[in-house]
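# Reading the structure
In case you want the letters, here they are:
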Amino acid sequence: MENNSAEQSKYDFLTDNLVQRYFAELNIELLKGVHIRSATPYLFNLLDEYQNEFEGFYKDLYGLKLEKRTHDTCTYFYLAFPEGSKGRLSYPGLYKELEDRQVIIGFVLCELYISKYFYADKKFHWDDIRYEIEHGENKDAYLRLFFKESRAEYTPDEWKTTKDKFETVINFFGRIGLIEKELESDELQFTILPTIHRFIEMYNDEIQHIDELLKENKS
Amino acid sequence: MDAVSICHTFDDLFPTQFEFMVIYHLHCMDRVEGFQYNEIKLAIRETAKLPFWGDAKEPQVEKTLKNLLRSFLERPPDKVGFYLLTPHAVKIIEIVLHRIDNPYLRFPLKKTFEDYFALPEDAGCDIAHLEKWYRLGFQDNAQKVVLSHLEGLKLAVEDAIKDLNLVLEADHLSAIQMLERFTNHFLNLSMQARQITEAIKMKTDTYYRLRDIADAFHQKISFGTNEQSITQDDWNKVELIKGNVNAFFERVDQQLDLINTKMAFASTKITELQESFKAQSHFKMKLKKTLAWLLENSKPDLKGWVRLPAQFPAKERVFQRFQFHTLRYYDLGFLKKALPVDIVLDDAYEIAQRDAFEQELKEQIMIQHQVESWQQKLTVDGLVNVSEEMLLLMEKMPDSISLSVQAGYELIRNLGDNVTLSIQNELHSNHTKTLHLWKTTVQNNQNTIS
């Protein structure tokens with residue numbers, strides 16, 4: 001009985017009017033891997049107000065960690081797997097691996113983000129990516145990877161195919177809240193959000209130990 | 001004005017980069033008396049030698065001169081063989097130089113505010129003085145100067161932020177050198193921030209003073225003091241001045257907010273960098289290396305995408321697919337109105353139907369009576385010649401062929417177990433020969449036995 005009443009009080013917050021109103025949307029967004037920031041104030045405020053309660057809820061029922069981070073004056077929430085486990089989402093349909101293309105373009109976006117370190121508004125255009133491909137430090141590698149060969153010029157169709165590849169991944173990052181795409185523009189324009197730090201955090205180990213990987217490659 | 005003429009005017013008014021550099025070259029020669037053809041030719045050749053044009057082609061001197069004569073060079077009538085820069089050309093050069101080196105930035109914003117917004121001491125005594133300050137000082141000078149100063153400040157802040165990024169990207173600098181440069185830019189930003197704070201204070205003071213003056217004038221009208229004649233018209237003028245000054249200050253506020261936001265973000269980042277400078281700088285380098293390594297070691301796959309090197313893991317993320325299936329919504333346009341309609345009674349039809357029902361009912365009753373009478377006969381006599389009875393019934397009621405057929409049918413359908421039905425190959429007909437029946441009899445077996 002005691003246990004029951006303890007459980008009851010732990011989840012009492014679910015009876016709150018606002019929780020009842022927005023819980024379904026919040027739960028779906030979090031489980032879809034979306035990063036919740038103040039751009040959706042009703043979801044963000046709910047998490048902020050009941051942070052401890054929601055942490056307990058996702059830990060008990062899903063075995064997941066509700067994380068809160070602040071980067072570049074932006075605070076955001078997301079669900080993450082605990083160290084070395086997938087909580088109760090170990091069934092393959094309930095989690096996903098980042099695709100190779102998402103990882104590579106994710107790193108390109110991180111590099112762009114850092115390039116505007118002191119700018120409050122980190123807005124980019126397809127031309128910025130195209131410039132990196134054509135004239136950036138890693139020009140040869142970009143051309144080999146996205147055009148299969150290095151040539152003096154590429155046809156508009158070839159550029160369109162490459163742009164489409166980037167756009168597909170940018171749309172994915174947009175869906176999980178790491179990027180905000182300009183929907184009203186015909187051109188590919190987007191803002192990289194501070195939530196991109198989540199991607200950096202995922203690959204923090206690999207970034208920190210890149211010198212070892214480089215040594216391995218040389219040997 | 002049509003777009004084509006605007007485009008042509010634009011082409012006339014704005015020089016190409018090359019043309020601009022030629023007129024700038026001439027401007028630097030600082031020759032009041034003007035330039036001779038050979039000097040212009042030399043200026044064009046010298047400009048063409050500047051390293052940033054890329055391909056070193058021989059300049060088209062005649063063509064360039066002809067182009068410059070459209071708006072940027074002119075021939076003074078009293079000096080044959082000489083050319084002068086037009087006032088428009090000088091103005092364009094000044095705009096560019098002003099952008100690079102804004103003269104207002106040499107003076108603090110606070111001083112500009114003090115010089116241009118300070119209300120005269122006697123503004124509260126006489127409306128004419130207030131009007132003079134507004135028309136000659138505020139409207140003609142102060143607005144332009146302050147907006148130019150703010151524009152300069154905004155550009156200076158943007159340049160400082162751009163420089164900060166360049167320092168961060170400068171891989172050749174040591175950590176100490178980077179930190180020194182960051183600190184210099186940070187000091188620059190702090191100075192601008194202080195100026196802005198002072199300017200906001202000045203602006204507020206000016207507005208409050210103007211408001212007090214307006215209140216004082218209003219009191220003079222309300223209490224009708226005789227020290228000075230204040231009319232309603234005067235009061236309206238004061239209100240108009242106050243409103244216009246306030247509207248301008250709101251514009252100033254917007255500009256200051258914009259500058260402040262940019263500076264605040266950059267300052268936060270500098271503070272962060274100072275806190276963990278070494279770690280941040282190393283991390284940035286490592287991120288760069290990781291991207292380079294990934295791009296070098298990944299391969300295009302068969303689908304035209306990319307494949308990560310085997311040593312690099314793909315990380316897992318929380319992902320549940322949610323799908324909601326709903327019935328497709330069909331837009332049927334406007335809903336049709338379904339108002340109740342009064343049904344008009346068709347009396348003739350109603351009577352005819354009622355008669356038909358009554359006739360039908362009557363026939364059913366008659367059939368029932370007839371069947372019952374035959375069943376009674378069967379019970380009493382033990383035998384009924386059904387075909388004969390049917391024909392007899394028809395003789396009695398010649399129009400009711402269906403009545404006799406249905407009565408015969410009903411009798412046969414409801415025969416009990418102890419009754420035998422016999423149909424013989426012997427045809428009976430009525431006298432009009434409209435109905436022909438095989439001889440049909442029913443016999444009650446119980447009755448026969450008994």
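Quick notes on the rules
Residues numbered from 1 in each chain as written. Chains lettered and ligands numbered in written order. Predicted model: local features only at pLDDT ≥ 70, side-chain atom pairs only at ≥ 80, totals over all residues. Helix = DSSP H or I, 4+ residues; strand = E, 2+ residues; numbered from the N terminus. Contact = placed C-beta atoms within 7 Å. Pairing = 2+ DSSP bridges. Buried ≥ 20, exposed ≤ 12 C-beta atoms within 10 Å, placed from the backbone. Axes fitted to C-alpha atoms, helices over the stretch in contact; angles between N-to-C directions. Parallel < 35°, antiparallel > 145°, perpendicular 65-115°, else oblique. pLDDT = per-residue confidence, 0-100. Nonpolar A, V, L, I, M, F, W, Y, C, P; charged D, E, K, R; others polar.

Moving on, we come to the overall build of chain A. On a plain count of helices and strands, chain A comes out with 11 helices and seven strands. Relative to all contacts within chain A whose residues are 6 or more apart in sequence, the contacts with residues 24 or more apart total 48%.

When helices and strands are counted, chain B shows 14 helices and nine strands. In chain B, the share of contacts with a sequence separation of at least 24, taken over all contacts with a separation of at least 6, comes to 66%.

Residues and elements named next belong to chain A. Spatially, three strands are ordered β1-β3-β2 in an open sheet, and the strand pairing comes out antiparallel. One side of each edge strand has no neighbouring strand; the edge strands of this open sheet are β1 (36-37) and β2 (65-71). Direction of pairing for β1 relative to strand β3 (residues 74-80): antiparallel, over a ladder of two bridges. The partner of Ile-36 across the bridge, within β3, is Phe-77.

Moving on: the pairing of strand β8 (residues 419-429) of chain B. The two faces of the sheet receive side chains in turn, since in a regular strand these alternate between them. Residue and element names in this part refer to chain B. Here β8 lies mainly on the outside; zero of its 11 residues are buried. Across nine bridges, β8 lies against strand β9 (residues 436-444) in antiparallel orientation. Looking at β9, one finds that Ile-423 is bridged to Thr-440. Counting the residues that bridge the hairpin from β8 to β9 gives six residues, and of these Lys-433 lies at a positive phi of roughly 60°.

Residues and elements named next belong to chain A. As defined by bridge partners, β2 adjoins β3 across seven bridges and the pair is classed as antiparallel. Following the sheet pairing, Thr-70 is matched in β3 by Thr-75. Where β2 folds back onto β3 in an antiparallel hairpin, the turn is made up of two residues, including Asp-72, whose phi is positive at roughly 45°.

Our next topic: the packing of helix α6 (residues 126-135) of chain A against helix α7 (residues 139-147) of chain A. Residue and element names in this part refer to chain A. Running from N to C, α6 and α7 point in directions that differ by 105°, and their axes come no closer than 6 Å. One finds that α6 runs roughly perpendicular with respect to α7. Counting all contacts with α6, which are made through Glu-132, Ile-133, Glu-134 and His-135, the residues of α7 involved are Lys-139, Tyr-142, Leu-143 and Phe-146.

Right, let's get into the confidence of the model for chain B. Residue and element names in this part refer to chain B. For chain B, the mean per-residue pLDDT works out to 80, and 82% of the residues sit at or above 70. Across chain B, the secondary-structure element scoring lowest on mean pLDDT is helix α14 (residues 445-449), at 60, and the one scoring highest is helix α2 (residues 17-29), at 91. Model confidence for the complex: the whole-complex pTM is 0.53, and ipTM, which rates the interface, is 0.88.

This part takes up the interface of chain B and chain A. Across the boundary between the two partners, chain B contributes 38 residues, which contact 43 residues of chain A. Of all elements in the fold, only α7 (127-169), α9 (232-275), α10 (277-297), β5 (306-307) and β6 (316-318) of chain B reach the threshold of two or more residues within the side of chain B that touches chain A. Looking at which element gives the most residues to the side of chain B that touches chain A, the answer is α10 of chain B, with 12 residues. Here the residues of the side of chain B that touches chain A sort into 20 nonpolar, seven polar and 11 charged. In the sheet, strand β4 (residues 95-97) of chain A pairs with β6 of chain B via three bridges, with the strands oriented antiparallel. Counterpart to Lys-96 of chain A in the pairing with β6 of chain B is Arg-317 of chain B.

Residues and elements named next belong to chain A. Axis separation between helix α2 (residues 17-31) and helix α3 (residues 41-49) bottoms out at 10 Å; the angle between their running directions is 100°. In terms of orientation, α2 lies roughly perpendicular with respect to α3. Residues Leu-18, Val-19, Tyr-22, Glu-25, Leu-26 and Glu-29 of α2 touch α3, and the partners they reach there are Tyr-42, Leu-43 and Leu-46.

This part is about unusual backbone geometry. Residue and element names in this part refer to chain A. In the Ramachandran plot, Asp-72 falls in the positive-phi region, its phi being about 45° despite a non-glycine side chain. Tracing the sequence through the fold places Asp-72 in the loop between β2 and β3. A positive phi is found at Thr-73, a non-glycine position, where the angle reads about 60°. With respect to the helices and strands, the residue Thr-73 is situated in the loop between β2 and β3. On the basis of neighbour count, Thr-73 is assigned to the exposed category, with 11 C-beta atoms found within 10 Å.

A word on the environment of Leu-18 of chain A. Looking at where Leu-18 of chain A falls in the secondary structure, it is placed in helix α2. Sequence spacing of Leu-18 of chain A and Leu-43 of chain A is 25 residues, and the spatial spacing of their C-alpha atoms is 9.6 Å.

All names here are of chain A. Position of Leu-193 relative to the elements: it lies in the loop between β7 (189-192) and α9 (197-202). On the basis of neighbour counts, which here come to 23 C-beta atoms within 10 Å, the residue Leu-193 falls in the buried class. Setting aside anything within four residues of it in sequence, one finds Leu-193 in contact with Cys-74, Leu-178, Ile-179 and Glu-180.

Residues and elements named next belong to chain A. Reading across the sheet, the three strands line up as β5-β7-β6 and stay open at both edges, with antiparallel pairing between neighbours. Each end of this open sheet is capped by a strand with a single partner; those strands are β5 (123-125) and β6 (179-181). Each neighbouring strand pair of the sheet contributes to a mean axis angle of 30°, computed without reference to strand direction. Across three bridges, the pairing between β5 and β7 is antiparallel.

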